[in-house]
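Residue-level structural notes
What follows is each chain in one-letter form.
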Amino acid sequence: MPKDPETAGQQDAPHTLIPFLQSQSQTALTRLYTRPSSCLAIFRLLGPIERQIVMSLLWLEGPIASQTLNAWVTKEGRKPYGTALDTLSKIQILPNPGTRMLLNPNFKASFRMALTGGGDLNSFGVPYVSSKEKDAERDGAGDKKFGPNLEHLDSYALERWETILHYMVSSGTDSTPQRPSAGVLYLLQRSGLMQPLPSPSGYSTASSRKTSQLQISSLGFQFLLHTPHEQLWELLLQYLKMVEERQMDLVEVLNFLFMLSTMDLGREYSPDNLTQTQLVMLEDLRDYGLIWQRKSSSKRFSPTRLATTLTSSTPLLPSSGGGNTGPQGFIILETNYRLYAYTDNPLQIAVLNLFVHLKSRYPNLVVGSITRDSVRKALNNGIRADQIISYLVTHAHPQMRRNNPLLPVTVQDQIRLWELEKNRLKSADGYLYTNFAAQADYQVVLDYAKQIGVVLWENSVKRCFFASAEGHSNIRGFIERRSKDEQM
Amino acid sequence: MSHLSLLLDLQPAAWHDPTQSLQFSTFLAHILVFLNAHLAQKHENSLAIFGAFPGKSIMLYSSIDQTKPADRRVQPDPNWYQPFKTLDAALTERIREEMPQPSNSSEAEEPLPVPVALVGALAKALCCKSSTYCNFNRIIQATKVEAPSDTPLVMPESRILIVSVSPDAAASYIPLMNSIFSAQKLKVVIDVCKIYGPDTTFLQQAAYLTGGSYIRMCFLQPPSVRSLLAVPTTDRVDFRAACFCHKDIIDAGYVCSVCLSIFCQPVPVCSTCRYAHLSTRLMRPI
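No experiment lies behind these values; they were computed from the predicted model shown.

What links the strands of a sheet is backbone hydrogen bonding, and the strands pair in either a parallel or an antiparallel sense. Residues and elements named next belong to chain A. The strand order across the open sheet built from four strands is β7-β8-β10-β9, with neighbouring strands paired in antiparallel fashion. Lying at the two open borders of the sheet, with one neighbouring strand each, are β7 (331–333) and β9 (357–362). When strand polarity is set aside, the average angle formed by the axes of neighbouring strands in this sheet is 20°.

So, on to the sheet that holds strand β1 (residues 2–9) of chain B. Residues and elements named next belong to chain B. One open sheet holds the six strands; their spatial order is β3-β2-β1-β4-β5-β6, and the pairing between them is mixed. Strands at the two margins of the open sheet, each flanked by one partner only, are β3 (56–62) and β6 (214–215). Pairing of β1 with strand β2 (residues 46–53), which is carried by seven bridges, proceeds in the parallel orientation. Pairing of L8 across the sheet is with G51, part of β2. Docked against the sheet, helix α8 (residues 201–210) engages β4 (157–164), β5 (189–194) and β6, running at close to 145° with respect to β5.

Right, let's get into the environment of A121 of chain B. All names here are of chain B. Relative to the assigned elements, A121 resides in helix α6 (residues 118–143). Separated by 65 residues in sequence, A121 and K56 place their C-alpha atoms 8.2 Å apart. Other than its neighbours up to four places away in sequence, A121 contacts L7, F50, G51, A52 and S57.

What follows concerns the pattern of salt bridges. This model, assessed by the stated rule, comprises 16 salt bridges over all chains. Ionic pairing is found between R246 of chain A and D284 of chain A, a salt bridge with its closest N-O pair at 3.1 Å. Of this pair, R246 of chain A sits in the loop between α13 (228–242) and α14 (250–261) while D284 of chain A sits in helix α15 (residues 276–288), and the two are 38 residues apart along the sequence. Across the salt bridge formed by E98 of chain B and K56 of chain B, the nearest N and O atoms sit 3.3 Å from each other.

All names here are of chain A. With their axes 10 Å apart at the nearest point, α14 and α15 run at an angle of 55° to one another. The orientation of α14 relative to α15 falls into the category oblique. When the axes of α14 and α15 are compared, the crossing they make is right-handed. Where α14 abuts α15, its residues E252, V253, N255, F256, L257 and L260 lie against T277, Q278, M281, L282 and L285. Looking at the contact of α14 with α15 residue by residue, the class counts come to seven nonpolar, three polar and one charged.

With that out of the way, let us pick up the packing of aromatic side chains. Under the definition given, this model contains 17 aromatic pairs over all chains. Relative to F84 of chain B, the ring of Y81 of chain B has its centre 4.9 Å away and its plane inclined at 90°; by these criteria the two rings are edge-to-face. Ring pairs connect the aromatic residues Y33, F43, F107 and F111 of chain A, which therefore count as one cluster.

Covalent bonding between the sulfur atoms of two cysteines is what defines a disulfide. All names here are of chain B. Overall, the coordinates contain zero disulfides over all chains when judged by the stated rule. No disulfide involves C245; its sulfur sits 3.5 Å from that of C264, the nearest cysteine. We classify C245 as partly exposed; its relative accessible area is 32%.

Along the chain, A41 of chain A turns up in helix α4 (residues 36–45). C-alpha of A41 of chain A to C-alpha of T262 of chain A: the two residues are 221 residues apart in sequence and 7.2 Å apart in space.

Take the confidence of the model for chain A next. All names here are of chain A. Predicted confidence across chain A gives a mean pLDDT of 78, with 85% of residues reaching 70 or more. The model gives residues 1–11 a pLDDT under 50, and that stretch makes 18 contacts with residues more than four places away or in other chains. Contacts of residues 136–145 to residues separated by more than four positions or lying in other chains number five contacts, the stretch itself having pLDDT below 50.

Another point: the side chain of E50 of chain A. All names here are of chain A. The residue E50 is located in helix α5 (residues 48–58) in this model. Among the polar contacts listed, one links the side chain of E50 to the backbone nitrogen of G47, at a separation of 2.8 Å. Excluding anything up to four places from it in sequence, E50 contacts A84, T87 and L88.

All right, on to helix α2 (residues 24–41) of chain B then. In this model, α2 of chain B (18 residues) spans 26 Å end to end at C-alpha, consistent with the 26 Å of a helix rising 1.5 Å per residue. α2 of chain B sits mainly inside the fold: 14 of its 18 residues count as buried.

Turning next to the pairing of β3 of chain B. Residue and element names in this part refer to chain B. Burial analysis of β3 places five of its seven residues in the buried class, the great majority of the element. When β2 meets β3, the two strands line up antiparallel, connected through six bridges. In the strand pairing of β3, A52 is matched with S57. Once β2 ends, the chain turns through two residues before running back antiparallel as β3, passing G55 with a positive phi of about 80°.

Parameters and conventions
- Residues numbered from 1 in each chain as written.
- Chains lettered and ligands numbered in written order.
- Predicted model: local features only at pLDDT ≥ 70, side-chain atom pairs only at ≥ 80, totals over all residues.
- Heavy atoms only, no water.
- Pairing = 2+ DSSP bridges.
- Helix = DSSP H or I, 4+ residues; strand = E, 2+ residues; numbered from the N terminus.
- Axes fitted to C-alpha atoms, helices over the stretch in contact; angles between N-to-C directions.
- Contact = heavy atoms within 4.5 Å.
- Salt bridge = Lys/Arg side-chain N within 4 Å of Asp/Glu carboxyl O.
- Parallel < 35°, antiparallel > 145°, perpendicular 65-115°, else oblique.
- Left-handed = near helix turned anticlockwise from the far one by under 90°.
- Nonpolar A, V, L, I, M, F, W, Y, C, P; charged D, E, K, R; others polar.
- Phe/Tyr/Trp six-rings, centres within 6.5 Å; stacked < 30°, edge-to-face > 60°.
- Disulfide = S-S within 2.5 Å.
- Buried < 20%, exposed > 50% of the residue type's maximum accessible area, 1.4 Å probe, protein only.
- pLDDT = per-residue confidence, 0-100.
- Polar contact = N/O pair within 3.5 Å; in protein donor to acceptor, adjacent residues only side chain to side chain.
- Expected span 1.5 Å × (residues − 1).

In structure tokens:
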């Protein structure tokens, strides 16, 4: 939801990468901070107060007492300030904030270098210069050919990204969309977004020749309704978690990601200075659509918009991969549960198909309705009612913006009710004890069952109760012992 | 996201004054690092730089409507973040082009240097801000996804930093006040950094009225963070105004009872609203 700038600073959740960085060892972080580009990228991922603290301390040579900085904090700022210091100390940028304030020396040196320029670490990427361009430069010719044009890069990134999402969304259905590469499939499976199909059932289609057939998991359904920026980081985090078992150096992987995020869109870079690990990554990231190369053997590469907006909080995707035809929303929802979606994007239609009963389709319009069955299907897939509603709100047509509230209340409430309805029945295995001869017998057995805590339901008028299966042998033994005692 | 408009007071006479300790080249280097730091804060942060030269004001750099071909002229450097380099190269070049060289010979003939067009630059900055505001409104109507129509639009935070070295130009009082009022309306905070020279009454008022600060440090944080990490503020603000008739700064004067124009002595007919005061006594002293 939008926040006014006053509160945005205080309530923004930390970026997803920050907790991951916090779990890294001190040596790894220190190595990471030797690269100016990494420092700049991490700095951008921090919250506004953290950034301000870093900036205040950046140009100081010696440590200052923490009281000095504390004096700046207003009364309302105490709590966010405390959390900010905590975050900074956990990622080793500001070790020991309790006693004296001194930035990590590596971070300080690199970040200063990032701001002033200089050094020879090539951390912002070595641009590719062909021999022809070198000549042109010597002649002083102004106009040069600068790699691929932006539209091409955007459409490439979008196509790659949508291939992944589209594969996920249609995995449960019969359609066989274009299959992403094996690396992507492995990543999807490892992240738990997709799982191997439980029943191979003998038939194997052409698409399942390499890996087993995958099916989207409930986590994957939730993933589809996130914003593209969250989706991208979710996948990259998973990639980072896989790094160690692939014998890759985490610091180099992170460095490369951060380098990409600080590169210039539409410029070509030379892979000559990359390490072995980073060359492997180059191929992986090409599959995700973060990098464009003319050929896989090409001696140059360009980052796409997906890569260069990694550290930006509002991704400026060409047309956000999660599903917009343009910068506009496209869904109109009426109080009678009918839904009109002005789109011809197969991915968006597939996502809508998760929770909408689609009825007819025109060149630029899909008509459907939200029914109990369609929502229940989605709920069974692990999607929550809130996620459906937030998806509808996020992608609502501009015309819907005139309504207040945005979505018809009836529909919102009904979707929530359907979710509650699903939670109304709880099933449990157990036994029903009935036909007690006397109320006293019933009471004694019931008390015993209550003692061992297995009673799920009781009705003293009908003299019966229901207990879970694990208590059955005990209760049975108790009744048998009692009846034996009575006989004796 | 946050937008910063920087107004540089480029009065050659003041900058080439040998008695000042701060060299212009050093100053420029500091400013460039400050601007880089602003751009480093967030990927979306934008920047516009205006120069106030004697008698004219020029937009030196804008990160918003930077035409791409010009952008590409700068050779990429693997050791420097590209936007920083573009900015630094462009700004230094523009200032070198525009900065008039002080001529030693004319110094004796022209004891009073032409005042810099600070207000012109301020007005340009506000226009630029206002047009991005309109653009933003248009974009937000089209894209702003989560905002239901009844919630107020979220504006990018915007502020103006004036780096000043020359004294007040009393003639610019009225246009400056008008600029301040439009800044208030646009919710733009004006910060003033007085590097040297006497305190300027008008800029103090500008900072005070828009909620900015008039000091020599701490200009990096956007206004939203200022509520949490306090910045030093000025407690003594000189509220004196300039009269409309002689443009002098006055301690006490007279105001027209109709349009509130300020005069240093009673006048029979108000020069602003043409109201003929029957008796000069009707003008109220302030």
